Amino acid sequence: MKPLTEQEIRSAFVNCTKGEAKRLSVPRDLADRPWDDLDFLGWRDPQAPDRAYLVLAPGEGPVAIQLRSSDAGSWQTRRSMCSLCVTVHTGGVSLLVAPKSGKVGQQGNSVGAYMCSDLACSLYVRGKKDAGTGSRLRESLTLEQQIERTVANLAAFVAKVRA
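Let us look at the structure shown here. These figures come from a predicted structure and were not determined experimentally.

## Quick notes on the side chain of T150
Thinking step 1. Within the element layout of this structure, T150 appears in helix α5 (residues 143–162).
Thinking step 2. With relative accessibility at 1%, the residue T150 sits in the buried group.

Set out below in structure tokens:
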């Protein structure tokens, strides 16, 4: 992924108002992110831990979505699998819900998926971050195929948000 600026990120949101995009908390360490190892940029809002954001950069330019997670509960102590990168975590997967873009989203329609709570899917797939013993299943897919699957899963989720 190519490095993105704060302005590029703020202008890429498809499921919130321009005012909301202007007020949300963008990471201050954009220059320090491992851009070469990222398929998408994901972060949690430090001022509002129930909020998260994703930015992917398909050919037509960056697309960003805002997400919400439910409160932490006892279900988070179970082993769960991220639907994007297929990493298994004990307590490290959250149901993240995105309002749909446009009028249907303003009416309360949303879509959700189980994702790595820290949104570091790209790093888990590449083995740059460890989720613990048994977190990455043995697969016959190559690393490139696993990366393509993660990107395709995220693109399918974003397509549902934009539909």
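## Some remarks on the sheet that holds strand β3 (residues 63–69)
Thinking step 1. Within the open sheet, the 5 strands sit side by side as β1-β2-β3-β6-β7. Their pairing is antiparallel. One side of each edge strand has no neighbouring strand; the edge strands of this open sheet are β1 (40–45) and β7 (110–116). When the angles between neighbouring strand axes are averaged without regard to direction, this sheet yields 30°.
Thinking step 2. Pairing of β1 with strand β2 (residues 48–56), which is carried by 6 bridges, proceeds in the antiparallel orientation.

## Quick word on the pattern of salt bridges
Pairs may arise between side chains of opposite charge once their charged atoms sit close together.
Thinking step 1. Under the criterion given, the structure shown has 9 salt bridges.
Thinking step 2. Its salt-bridge partner being D118, residue K129 comes within 2.8 Å of it at the nearest N-O pair. A residue pair is termed long-range when its members are at least 10 positions apart, and K129 in the loop between α4 (121–125) and α5 and D118 in the loop between β7 and α4 qualify at 11 residues.
Thinking step 3. The class of D118 is partly exposed, set by a relative accessible area of 30%.

## A short note on α5
Thinking step 1. End to end, α5 covers 29 Å across 20 residues, agreeing with the expected 28 Å (1.5 Å per residue, within 8%).
Thinking step 2. Those residues of α5 that fall on the buried side of the exposure criterion are Q146, I147, R149, T150, L154, F157, V158 and V161. Angularly, the buried residues of α5 cover 165° about the axis, an arc narrow enough to put them on a single face. For α5, exposure combined with an orientation more than 90 degrees from the buried face picks out E144, E148 and K160.
Thinking step 3. Packed against the buried residues of α5 are β1, β2, β3, β6 (93–99), β7 and α4.

Thresholds applied
- Residues numbered from 1 in each chain as written.
- Predicted model: local features only at pLDDT ≥ 70, side-chain atom pairs only at ≥ 80, totals over all residues.
- Heavy atoms only, no water.
- Helix = DSSP H or I, 4+ residues; strand = E, 2+ residues; numbered from the N terminus.
- Buried < 20%, exposed > 50% of the residue type's maximum accessible area, 1.4 Å probe, protein only.
- Pairing = 2+ DSSP bridges.
- Axes fitted to C-alpha atoms, helices over the stretch in contact; angles between N-to-C directions.
- Salt bridge = Lys/Arg side-chain N within 4 Å of Asp/Glu carboxyl O.
- Expected span 1.5 Å × (residues − 1).
- Arc of directions from axis to C-beta.
- Contact = heavy atoms within 4.5 Å.

Purely geometric stuff here, so don't read any function into it on its own.
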